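# Geometric and topological summary
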Amino acid sequence: MTDKTPDYPEPFPHDDIEEIMPDLYMIRGTIKLKPLVNISRNMAIIKHDKELTLVNPIRLSEKGEEQLKQLGEVKRIIRLGVAHGRDDGYYKDTFNAELWAPGTSPLYKEPEIDHIVTQDEELPFPDAELMVFNNMQIGKDGMLLIKRNGGCLLACDSLQYYGDQKHHSLLASLMLSFMGFKGMCIGPPWLKAVTPEGSSLKPDFDRILRDWEFEKFFSAHGCLCESGAKDLVRDAVDKAFE
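Fair warning: this is a prediction, and the values are worked out from it, not measured in the lab.

A few words now on the nonpolar core. Among the nonpolar cores identified, the biggest contains 28 residues, and M143, L159, W190, F205 and F217 are the most heavily contacted of them. Of the residues forming this core, the biggest block, four residues, is contributed by helix α6 (residues 229–240). In contact with L159, other than residues within four places in its own chain, are M143, L153, C185, I186, F205, F217, S219 and V233.

Now the structure itself:
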């Protein structure tokens, strides 16, 4: 591993690593968008043998990194959303981690992606499947299903769940509620930004509801939905595309 340098964005406050289910973990944290506007920002961790895969990676504090190292060896990071990538370079340089993503990002052209992952290929950890939004007008986002212990759906910006306002400033909480970020939701700004004119992403969400089973849900923002997630996603899809 190389030495840390001040060129990387500094970490923001975050919680300790928590278990979602065996070999699947989460870290809930925050990020400052502008003065008085702090929103949640999360990372999932998949463990297979001694290898760790970080989904929607966020840089951790020294204490958080020590917890991460005790959990296993960071082998790769997966960027599920084109608007996320702030800390990818840190993990590539510091941990020599491979960067996987469904496609390139117009917002984060560096670091270079090591592997463009498709929804048809076998993933490097068991009991998992990837779905890619292939018809977005800006890059490609994805969702990841962990197919055990009732199932857990992992997303980035496309789907989000707000069961609490932890890690949000007061102003951010008010803004998010006004914009429609309540309960389980398809992110309204995300949907508007990535949907091609005259098209719809509803078939992608319908495919998830048709083919995938999951009780839990966790994404790059919001909090963990511990049960009944699929029904909530179905309601969110109906609302977004009514």
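So, about the pairing of strand β4 (residues 51–55). With four of five residues buried, β4 is to be regarded as a mostly interior element. Sheet topology note: the strand β3 (residues 37–48)/β4 ladder contains five bridges and is antiparallel. Within β4, the residue paired with K47 across the bridge is L52. Linking β3 to β4, which pair antiparallel, is a turn of two residues; within it D49 sits at a positive phi near 55°.

Let us look at the side chain of R76. Tracing the backbone through its elements, the reader meets R76 in strand β5 (residues 73–78). Residue R76 is classed as buried on the basis of its relative accessible area of 5%. Of the polar contacts made by the side chain of R76, one reaches the side chain of E51; its length is 3.4 Å. A distance of 2.8 Å separates the side chain of R76 from the side chain of T53, its partner in a polar contact. Leave out the neighbours within four places in its chain, and R76 touches E51, L52, T53, L54, A97, E98, W100, P124 and F125.

On to the pattern of salt bridges. By the definition in use, this model includes 15 salt bridges. For R41, the salt bridge is made with D87, and the minimal N-O distance between the two is 3.0 Å. On the criterion of sequence distance, the pair formed by R41 in strand β3 and D87 in the loop between β5 and α2 (88–95) is long-range, its members being 46 residues apart. Of the residues examined, D87 reaches a relative accessible area of 1% and is grouped as buried. Each of the salt bridges in this network shares a partner with another, and the network as a whole consists of R41, R86 and D87.

Cut-offs and rules
Residues numbered from 1 in each chain as written. Predicted model: local features only at pLDDT ≥ 70, side-chain atom pairs only at ≥ 80, totals over all residues. Heavy atoms only, no water. Core = buried A, V, L, I, M, F, W, Y, C linked by side-chain atoms within 4.5 Å. Buried < 20%, exposed > 50% of the residue type's maximum accessible area, 1.4 Å probe, protein only. Helix = DSSP H or I, 4+ residues; strand = E, 2+ residues; numbered from the N terminus. Contact = heavy atoms within 4.5 Å. Pairing = 2+ DSSP bridges. Polar contact = N/O pair within 3.5 Å; in protein donor to acceptor, adjacent residues only side chain to side chain. Salt bridge = Lys/Arg side-chain N within 4 Å of Asp/Glu carboxyl O.

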